[in-house]
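Topology and contacts: notes
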There are 2 protein chains.
Amino acid sequence: MSQLENAMAVIINIFGQYAAQAPPPDKLSKKEVKQVIEKELSGFLKDQANPTIVEEVFKLLDQNPDQEMHFEEFMAFVTKVTSACHKSLHKE
Amino acid sequence: MSQLENAMAVIINIFGQYAAQAPPPDKLSKKEVKQVIEKELSGFLKDQANPTIVEEVFKLLDQNPDQEMHFEEFMAFVTKVTSACHKSLHKE
């Protein structure tokens, strides 16, 4: 696997690892999203101590407001964080 | 950095590495997208030998049809491939 493919596999695995903690195993609950933010994004997300961050993430990304995050919504979240990092690295 | 953050950094670096090959350094040309597909996605994209794949990718993702792929369009491409992989891994 290439570096890029490995990165994609990591994203899939991280989602699966946290989603499997509590049913349904194919979606992230708010609690699981909070854990991802605190444990997996402590470097990139400065204000993950902000208690409302999970609510803001859900308001922004929970397209079919079921209070759970399915994989496409998780990818939209990963995309937003990655794009913000890319922008901050390439500030004009 | 966590595994997830490292995966995000890899995506940013791969984009930067190929975009820097020819001006403009912040966008991928069709030729550079072809190289990413052939060198970085040879495992995940079965039909990357398909000569029209680059045209199809651009038709699908080139939101501001400038025949170049900026980072957000590249993330949309990464999202589509990652979601397809996730789906194939979790076929009901």
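Scroll up to find the structure.
Every value quoted in this text rests on a predicted model; they were computed, and no experiment measured them.

Per the secondary structure count, chain A includes four helices and zero strands. Mapped in sequence order, the helices and strands of chain A form the string α-α-α-α. Radius of gyration (C-alpha) of chain A: 13 Å, near the 12 Å computed for a compact globule of 92 residues. Its C-alpha atoms put chain A at 40 × 35 × 25 Å along the principal axes. Across the 92 residues in chain A, those meeting the buried criterion constitute 47%. For chain A, restricting intrachain contacts to residue pairs at least 6 apart in sequence, the fraction spanning at least 24 positions comes to 43%. Summing over all exposed atoms, chain A offers an accessible surface of approximately 4900 Å²; the carbon and sulfur share of this is 56%.

So, on to the relation of the copies chain A and chain B. You can overlay chain A on chain B at an RMSD of 0.0 Å; the transform is a turn of 180 degrees with a shift of 0.0 Å along its axis. Given the turn and translation reported, the copies of this chain are related as if by a two-fold rotation axis. For chain A, the smallest separation between a C-alpha atom and the rotation axis is recorded for A:Ala7, amounting to 2.1 Å. A share of 100% of interface residues in chain A that are also interface residues in chain B marks the association as one of identical surfaces.

As a further point, take the packing of aromatic side chains. All names here are of chain A. As enumerated under the stated definition, the model contains six aromatic pairs over all chains in all. Their ring planes at 85 degrees and their centres at 5.2 Å tell us that phenylalanine 15 and phenylalanine 71 sit as a pair that is edge-to-face. Of this pair, phenylalanine 15 sits in helix H1 (residues 3-19) while phenylalanine 71 is found in helix H4 (residues 71-89), placing the two residues 56 residues apart along the sequence. What makes phenylalanine 71 buried here is its relative accessible area of 1%.

Once that is clear, we can look at the nonpolar core. A general feature of soluble globular proteins is that nonpolar side chains tend to end up buried together. Within the largest apolar cluster, 58 residues are counted, with the highest numbers of intra-cluster contacts made by A:Phe74, A:Phe77, B:Phe74 and B:Phe77. Mapped onto this core, the elements with two or more residues apiece are H1, helix H2 (30-40), helix H3 (53-61) and H4 of chain A together with helix H1 (3-19), helix H2 (30-40), helix H3 (53-61) and helix H4 (71-89) of chain B. Ignoring sequence-local partners within four residues, the contact set of A:Phe74 consists of A:Ile11, A:Ile14, A:Phe15, A:Leu28, A:Val36, A:Met69 and B:Leu4.

Turning our attention to the interface of chain A and chain B. With 33 residues of chain A in contact, the opposing surface of chain B contributes 33 residues. Contact with chain B buries surface across chain A, with A:Leu4, A:Glu5 and A:Met8 losing the most and accounting together for 22% of the total. Where chain A meets chain B, there are two salt bridges. Linking A:Lys87 and B:Glu72 is a salt bridge whose minimum nitrogen-to-oxygen distance equals 3.9 Å. Our count for the contact surface shared by chain A and chain B stands at nine residue pairs in polar contact (both at pLDDT 80 or more). Only H1, H2 and H4 of chain A provide two or more residues apiece to the side of chain A that touches chain B. The residue inventory of the side of chain A that touches chain B, partitioned by class, reads 19 nonpolar, nine polar and five charged.

Conventions used here
- Per chain, the residues get numbers from 1 upward, laid out in the order the sequence is written.
- Chains carry letters from A onward and ligands carry numbers from 1 onward, assigned in written order.
- Local features in a predicted model are, by the rule used here, given only for residues with pLDDT of at least 70; side-chain atom pairs are given and counted only at 80 or more, and totals for whole chains, interfaces and linings are based on all residues.
- Side-chain numbers come from the whole structure's heavy atoms, not from hydrogens or water.
- The numbering of helices and of strands both runs from the N terminus, where a helix is a DSSP run of H or I of at least 4 residues and a strand a run of E of at least 2.
- In this setup the radius of gyration rests on C-alpha atoms only. A globule is expected at 2.2 Å times the number of residues raised to 0.38.
- Here's how the labels work: a residue is buried when its accessible area is under 20% of the maximum for its type, exposed when over 50%, partly exposed in between, all with a 1.4 Å probe on protein chains only.
- We call two residues in contact when some of their heavy atoms are within 4.5 Å.
- All accessible areas in this document rest on Shrake-Rupley with a 1.4 Å probe, and a residue is counted as covered only by the protein chains that are shown.
- Superposition of the copies was done by least squares, using only C-alpha atoms of residues whose pLDDT is at least 70 in both.
- Put simply, two rings from Phe, Tyr or Trp (the six-membered ring, in Trp's case) pair if the centres are within 6.5 Å, and we call them stacked under 30 degrees between planes, edge-to-face over 60, tilted for the rest.
- In these notes, a set of buried Ala, Val, Leu, Ile, Met, Phe, Trp, Tyr and Cys residues joined through side-chain atoms within 4.5 Å is what counts as a nonpolar core.
- Accessible area that two parts lose when put together, with a 1.4 Å probe and added across both, is what the buried area reports.
- Salt-bridge detection follows one rule: a side-chain nitrogen of Lys or Arg within 4 Å of a carboxyl oxygen of Asp or Glu.
- Pairs of N or O atoms are called polar contacts if they sit within 3.5 Å, as long as, within protein, a hydrogen donor faces a hydrogen acceptor (for residues adjacent in sequence, only side-chain-to-side-chain pairs).
- Three residue categories are used. Nonpolar comprises Ala, Val, Leu, Ile, Met, Phe, Trp, Tyr, Cys and Pro, charged comprises Asp, Glu, Lys and Arg, and polar comprises the others, including Gly.

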